[in-house]
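Summary of the model geometry
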Amino acid sequence: MTKKKTERRDFLFTATAAVGAVGVGATVWPMIDQMNPDASVKALASTEVDVSSVNPGKTITVLWRGKPVFIRRRTQDEINEAKAVKLKDLKHPEKDEDRAKNPEWLVMLGVCTHLGCVPLDQKGDYNGWFCPCHGSHYDISGRIRKGPAPTNMEIPKYEFVNANTIKIG
Amino acid sequence: MSDHEYTPKSNFGKWFNDRLPLLTLANHLTDYPTPKNLNYWWTFGGILTFCLVTQIVTGLVLAMHYIAHADMAFDSVEHIMRDVNYGWLIRYIHANGASMFFLAVYIHIFRSLFYGSYKAPREIIWIIGIVIYLLMMAAAFMGYVLPWGQMSFWGATVITNLFSAIPLVGEGIVTWLWGGYSVDNPTLTRFFTLHYLIPFLILGLVILHIWALHVPGNNNPIGIDVKKPSKDTVPFHPYIVIKDAFALLMFMIVFAFFVFYTPNILGHADNYIEANPLVTPAHIVPEWYLLPFYAILRSVPDKLMGVIAMLSAIFILAALPWLDTSKIRSAVFRPLYRQFYWILVADVLILGYVGAMPAEGLYLLIARVATAYYFLHFLVILPILGFKERTLPVPLSITEPVLGGSSNLAAARDDSRLEKLK
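We now turn to the structure provided with this report.

Definitions and cut-offs
Within any chain, residue numbers begin from 1 and follow the written order of that chain's sequence. Throughout, the order in which chains and ligands are written sets their labels, letters from A for the former and numbers from 1 for the latter. Side-chain atom pairs in this predicted model are given and counted only at pLDDT of 80 or more, local residue features only at pLDDT of at least 70, and totals for whole chains, interfaces and linings cover all residues. As a convention, hydrogens and water are excluded, and side-chain values are obtained from all of the structure's heavy atoms. Elements are defined by DSSP. Helices are runs of H or I of four residues or more, strands are runs of E of two residues or more, and each kind is numbered from the N terminus. A radius of gyration in this sense is built from C-alpha atoms; the matching globule rule multiplies 2.2 Å by the number of residues raised to 0.38. The buried label goes to any residue with under 20% of its type's maximum accessible area, the exposed label to any with over 50%, and the partly exposed label to all in between, with areas taken from a 1.4 Å probe on protein chains only. Here, two residues are considered to be in contact whenever any of their heavy atoms come within 4.5 Å of each other. In short, Shrake-Rupley with a 1.4 Å probe defines the accessible areas, and a residue's cover is counted only from the protein chains shown. The convention is simple: Lys and Arg are positive, Asp and Glu are negative, and His and the chain ends are not counted. Working definition for charges: the position is that of NZ of Lys, CZ of Arg, CG of Asp or CD of Glu. Throughout, nonpolar core names a set of buried Ala, Val, Leu, Ile, Met, Phe, Trp, Tyr and Cys residues whose side chains join them through atoms within 4.5 Å. Only protein atoms enter the 1 Å grid, on which a cavity is a set of points fitting a 1.4 Å probe that cannot get out and a pocket is an open set with protein on both sides within 12 Å along at least 5 of 7 lines, lining residues being those with an atom within 4 Å of a point. Grid points are joined across faces, edges and corners, and a volume is the space filled by probe spheres set on the points. Note on residue categories: nonpolar means Ala, Val, Leu, Ile, Met, Phe, Trp, Tyr, Cys or Pro, charged means Asp, Glu, Lys or Arg, and polar means any other residue, Gly included. In this scheme, strands are said to pair when DSSP sees at least two bridges between them. Every axis corresponds to a line fitted to the C-alpha atoms, with the helix fit spanning only the stretch in contact, and the corresponding angles, defined between N-to-C directions, vary from 0 to 180 degrees.

**A look at the overall build of chain B**
Along chain B, the regular secondary structure elements total 18 helices and two strands. Taking 2.2 N^0.38 as the reference for a compact globule, 422 residues should give roughly 22 Å; the C-alpha atoms of chain B span a radius of gyration of 24 Å, in line with that estimate. C-alpha extents for chain B along the principal axes are approximately 75 × 65 × 45 Å. Residues classed as buried in chain B amount to 52% of the 422 residues present. A separation threshold of at least 6 residues defines the contact pool for chain B, and within that pool the share at least 24 residues apart is 79%. Total accessible area on chain B is roughly 20500 Å²; 71% of this is exposed by carbon and sulfur atoms. When the 27 positive and 26 negative side-chain charges of chain B are each reduced to one mean point, those points stand 12 Å apart.

**Notes on the side chain of N220 of chain B**
Residues and elements named next belong to chain B. Mapped onto the secondary structure, N220 falls in the loop between α9 (185–214) and β2 (233–235). Of the residues examined, N220 reaches a relative accessible area of 0% and is grouped as buried. The residues touching N220, leaving out its near neighbours within four places in the chain, are P35, N37, L38, W42, Y115, V226 and I398.

**Overview of the nonpolar core**
All names here are of chain B. Among the nonpolar cores identified, the biggest contains 132 residues, and F102, L113, W148, F293, Y374 and F378 are the most heavily contacted of them. Ranked by residue count, the leading element in this core is helix α5 (residues 87–115), at 15 residues. Non-local contacts of L113, meaning those with residues more than four positions away in its chain, are made with Y118, W126, L320, Y337, Y341 and L344.

**Brief notes about the layout of surface pockets**
Residues and elements named next belong to chain B. What the largest pocket holds in volume is close to 1300 Å³. If you go around the largest pocket, you meet 47 residues; those closest to its centre are G45, V206, H209, I210 and L213. For the lining of the largest pocket, the elements supplying multiple residues, two or more each, are α2 (22–31), α3 (44–63), α5, α6 (123–145), α9 and α10 (236–261). For the lining of the largest pocket, the element with the highest residue contribution is α9, accounting for nine residues. Its residues assigned to classes, the lining of the largest pocket shows 28 nonpolar, 15 polar and four charged. As a volume, the second largest pocket reaches approximately 1100 Å³. Taken together, 42 residues form the lining of the second largest pocket, with A138, F141, I159, L162 and F163 sitting closest to its centre.

**Focus on empty space enclosed by the protein**
Residue and element names in this part refer to chain B. Under the criterion given, the structure shown has three cavities of 30 Å³ or more. There is about 960 Å³ of room inside the largest cavity. The wall of the largest cavity is formed by 43 residues, among which H94, A95, G143, Y144 and H195 lie closest to the centre. Every element with two or more residues in the lining of the largest cavity is listed here: α3, α4 (73–82), α5, α6 and α9. Across the lining of the largest cavity, the residue classes break down as 29 nonpolar, 11 polar and three charged.

**Brief notes about the sheet that holds strand β10 (residues 165–168) of chain A**
Whenever strands of a sheet pair, they do so through backbone hydrogen bonds, lying parallel or antiparallel. Residue and element names in this part refer to chain A. The three strands lie next to each other as β1-β10-β9, forming an open sheet whose pairing is antiparallel. For this open sheet the edge positions go to β1 (47–50) and β9 (158–162), each flanked by a neighbour on one side alone. The mean inter-strand angle of the sheet, taken between neighbouring strand axes irrespective of direction, is 30°. As defined by bridge partners, β1 adjoins β10 across four bridges and the pair is classed as antiparallel.

This is the structure we're talking about:
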């Protein structure tokens, strides 16, 4: 077998194909990326909420980035209940302390991690939330206990600006 | 194309046809030899063409009045219903037309399943058909989002969230589909664009579907190859045209009944409430034609596996020509397949029913059994049946059993004969 000689023309073919592929990629990418969130959507990244009027045992729902956020002021019983759950009983093990820095306030995305419905407050088998779409049950810490949802309800980035105001995002 | 050469009569016709052979095409379509024993189940191809044209024409008109904006879409649909001249009629035809389209396509698909129309040499026709069916589901889903009611919004949320089940890139894909962090205005405008585009893609595929059909010709109720043209065939025009036209009229009576007497019975009352991202309706259900797949999705307790099961239930159909190992096409000559066929029909209807019910208790159990059976039918029963089943003797031609010489077709319908064969 004689080794095939690489000619000038082979180099030209390869180089042309490579430049062509880059060109096609550079043309297609803007067409794809235009569908990603635009600057105006990204600009609505944070929301401040006044929580002074929320009584213990009540939940308010606020809209953040088009999604509902549950802010629940939990009673002492509820906090005790959330802390008493053993990690081995959980499908997605997370301590309540890690989900609610200030145990009185639970701030989480009110979006079922199954397919995105809004779960109902104080419903279900675990005294927390229940998703009516496909039957996921969450406990008073928003952790998945039963049903098809794979993970606990998400905790967004938030902070207490002062005693009465929470900044989400 | 036709077996004989076609020459237009007029000189202008000849001149034109030499340059663009449209008249040859028209002649092929009118003379196209069709098996003479086609029954009324074969009229749904024509009915489906009518449905597609109806949806395109009414959709075009609706798009002249509809506004694809999250703040105005819901009101613009009410504007169509109340203010636009005959807007109520056009929208009700379009909305019920989608259901009629699916009704006809399900009959068309189950016709193929019964008479083995998906088998060689018609695999490509079948696969194009499955692609059309997928596009129909996509178009119907996106169309349902456009009125921006509660079911629109939450249906869109649930279905787009199916993609979040994909490991690693799922969340990114969902954000990309939405153009934001939830279903919102960018989602609505892109759905409107795609909803407008897809019917024309379907139209293109329908042309390929018919083209692929005209290569081997139609299957027929006894499922044997037909020599064409021969005494087993009749020309498409006028024989099939008039039969299709009559069936279409019957179909339009049903269509008109829904449009004029119960225009909302197939819809959902919650969709007359404007979309609200803070409240999910208590009971989300898709349109009736998607319910069997929805039941499969919900019957699996794991998110990713549920999505995979649902998609597999559709894609498994594309592999059907190779999963069914029997060389005999028509169920008329397959006594066992015929029984499994009807069990499958019942299974799909059951899935549709439990898909509309809450996913708990007995309904969930039934959904799981029916889902398991659905896959069992295609993956186990059909492949084995081709080897194990004792099929009945097949006549040599369509004409043979009619003119005597063999009584095989009559025998096939006679169950007492069946007993003796066992």
